[in-house]
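Structural description and commentary
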Amino acid sequence: MSEAPATNIDAPTEPAAAPSADLPGQASNPGAEIEAVEVANDTSLFEKVVNLCKNRGFVFPSAEIYGGFRSTYDYGPVGVLMLRNVKDAWWRSMVQRRHDVVGLDAAILAPPAVWEASGHLANFTDPMVDCRSCNERFREDQLEDLTICPNCAAKNSFTESRNFNLMFKTHAGPVESDAAVAYLRPETAQGMFMNFANVQRTSRKKPPFGIAQIGKSFRNEITPGNFVFRTREFEQMEMEFFVPPEDAGGWYAYWCKERFDWYVGLGMDPAKLRLRPHDADELSHYSSGTSDVEFLFPWGWGELEGIANRGDFDLKAHASASGERLEYFDQATNTRYTPHVIEPAAGATRTMMAFLLDAYDEELVRGELRVVLRLHPHLAPYQVAVLPLSKKDTLTPVAEEVLGLLQPHMMCDYDETQAIGKRYRRQDELGTPCCVTVDFDTLDDRAVTVRDRDTMDQERVPIDDLLAHLRARLQL
Ligand code: GAP
């Protein structure tokens with residue numbers, strides 16, 4: 001006999017016999033009992049998401065047991081899954097599904113010659129001022145009022161502005177001499193330029209073609225902040241697309257659209273996205289045109305990605321500094337030229353945060369607050385949670401069988417503790433699109449209940465059909 005409706009109470013605050021909108025095996029009409037809650041896109045949303053990240057295992061402050069370390073963060077059990085999903089979704093769209101882009105994983109450490117050629121030693125700086133009263137440092141261009149310190153309110157206390165280079169400097173090897181100086185890369189891009197000839201020769205690609213890379217970058221930001229929005233250690237997803245010079249404009253427009261559509265395709269609300277062309281005075285030292293994909297964060301519009309028309313600046317700079325030829329020889333026309341570069345450069349960690357903010361939702365289910373992350377199934381840490389209705393040994397073998405059936409194909413959570421309603425709520429907060437509940441009827445009918453995160457609707461599905469059913473639902 002099924003124990004489902006009678007013995008498992010959805011929320012602990014509910015009376016035991018209350019009809020539940022969200023119990024396994026129960027014909028339900030949850031829609032009638034759900035009230036939408038307006039979630040304002042303001043600091044309260046930001047705080048809720050930061051707290052959820054910490055309490056559910058997405059993101060922890062780094063070195064927390066020592067009081068934390070300067071805006072660095074660790075990605076917890078579900079955060080590492082989601083960050084990996086963001087990067088995988090990017091890789092699938094930028095490399096796997098294209099024949100004209102190949103991958104690379106270049107070194108993080110590089111000698112000064114690289115950064116001299118790229119312009120980073122001279123130009124990768126922010127204007128910095130110190131408050132003489134409290135000694136706090138600020139980026140001059142981020143101060144609203146240059147006469148009052150936002151930290152201690154001292155008047156006219158700022159020093160003259162000076163340029164602060166954002167690269168992290170270290171020494172390679174045991175001797176801390178000038179000859180051993182090395183820098184941690186502040187962007188992944190230079191690895192792609194330095195390997196242009198290696199990749200072009202070995203992959204036999206000809207322009208237009210791209211080199212894509214995902215990896216850590218480091219910037220000694222003067223004012224990191226807003227959680228993982230601006231950190232000193234972060235991950236980038238960058239692609240350098242090498243094109244014949246005369247085609248650069250067309251490819252720039254192509255990549256602007258393509259990259260904007262990527263966010264929308266993964267469920268981001270288009271009303272919170274915009275493509276903003278840079279004004280001439282905003283352009284980086286290498287760029288002849290840049291547009292940012294921006295997201296409406298709780299504090300206003302902020303950059304997720306820049307798409308830049310870098311011209312031939314990088315290949316020419318490295319060719320002249322290294323003495324190597326970084327050109328393409330077109331056999332068809334018997335001409336040699338330096339390709340121009342279109343670069344879509346996104347932040348993986350920042351983008352993950354934007355997806356979390358966008359997905360966060362609240363509603364009242366029969367008066368109880370339900371928090372739900374409406375993440376795209378490809379981004380959610382777990383695609384499925386397998387939940388045996390009770391911890392009784394009789395259910396364990398079939399629950400493990402179901403888990404074993406699904407695990408090779410998708411990321412699964414397995415949870416047999418607490419009441420089923422609480423487990424559903426926990427999965428809602430992790431953004432798990434489907435819960436699969438194994439109950440006592442399963443022992444007789446070899447079917448399970450599949451519960452939908454967004455609608456809370458439930459459907460009985462035979463175990464034999466489960467994988468195909470979930471694959472269709474989760475677009476796997
Ligand atoms: N190669 C070009 C380049 O690095 P960028 O606009 O400086 O361009 C690209 O960086 C993306 O990297 C940004 O749009 C942002 O998403 C991310 N990013 C940059 N600095 C960051 C930081 N301090 N913390 C987190 N993400 C950052």
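Scroll up for the structure.
As the structure is a prediction and not an experimental result, all values here were calculated from the model. (Residues numbered from 1 in each chain as written. Predicted model: local features only at pLDDT ≥ 70, side-chain atom pairs only at ≥ 80, totals over all residues. Heavy atoms only, no water.)

A word on the site of the ligand. Surrounding the ligand, one finds 20 residues, the nearest of these being E187, E221, T231, E238 and E303. With respect to the ligand, the backbone of T231 contributes an N or O atom lying 2.8 Å from a nitrogen atom. Here an oxygen atom of the ligand and a backbone polar atom of L304 are 2.9 Å apart. In isolation the ligand offers 550 Å² of accessible surface; the protein chains occlude 91% of this area. (Near = heavy atom within 4 Å. Polar contact = N/O pair within 3.5 Å; in protein donor to acceptor, adjacent residues only side chain to side chain. Areas by Shrake-Rupley, 256 points an atom, 1.4 Å probe, with all protein chains shown as cover.)

Here we have 7 strands laid out as an open sheet, ordered β4-β11-β12-β18-β15-β14-β13, and mixed in their pairing. The open sheet has two edge strands with one neighbour each: β4 (101-103) and β13 (273-277). Going from strand to strand, the sheet's axes swing by 25 degrees on average, the running direction of each strand aside. Bridge analysis of strand β11 (residues 209-218) against strand β12 (residues 233-243) gives 10 bridges, and the strand direction is antiparallel. Bridging across to β12, I214 finds its partner in M237. (Pairing = 2+ DSSP bridges. Helix = DSSP H or I, 4+ residues; strand = E, 2+ residues; numbered from the N terminus. Axes fitted to C-alpha atoms, helices over the stretch in contact; angles between N-to-C directions.)

All right, on to the state of the cysteines then. When the sulfur atoms of two cysteines share a covalent bond, that bond is a disulfide. For the structure shown, the criterion picks out 0 disulfides. With no disulfide of its own, C152 lies 3.7 Å from the sulfur of C131, the closest cysteine sulfur. Note on C152: relative accessible area 32%, which makes it partly exposed. (Disulfide = S-S within 2.5 Å. Buried < 20%, exposed > 50% of the residue type's maximum accessible area, 1.4 Å probe, protein only.)

Of all hydrophobic cores here, the largest spans 60 residues; its most connected members are F58, W262, Y263 and F355. The element contributing the most residues to this core is helix α3 (residues 77-96), with 9 residues. Those residues in contact with F355, other than ones at most four positions away along the chain, are M82, V86, W262, Y263, L266, M268, L375 and L379. Counting 28 residues, the second largest nonpolar core, distinct from the first, contains L389, L395, V436 and I463. (Core = buried A, V, L, I, M, F, W, Y, C linked by side-chain atoms within 4.5 Å. Contact = heavy atoms within 4.5 Å.)

Helix α14 (residues 463-474) packs onto helix α11 (residues 396-406) with a crossing angle of 35 degrees between their chain directions and a minimal axis gap of 10 Å. Judged by the sense of rotation from one axis to the other, the crossing of α11 with α14 is right-handed. Between α11, through V398, E401, V402, L405 and L406, and α14, the contact on the second element is made entirely by I463, L466, L467 and L470. (Left-handed = near helix turned anticlockwise from the far one by under 90°.)

Right, let's talk about the side chain of D415 for a bit. Here D415 lies in the loop between β22 (412-414) and α12 (420-430). The charged side chain of D415 is buried without a salt bridge, its nearest counter-charge being R426 at 4.0 Å. Within the structure, D415 has its side chain in polar contact with the side chain of T417 (distance 2.9 Å). What D415 contacts, discounting residues up to four positions off in sequence, is V386, L387, P388, R423 and R426. (Lys, Arg positive; Asp, Glu negative; His and termini not counted. Salt bridge = Lys/Arg side-chain N within 4 Å of Asp/Glu carboxyl O.)

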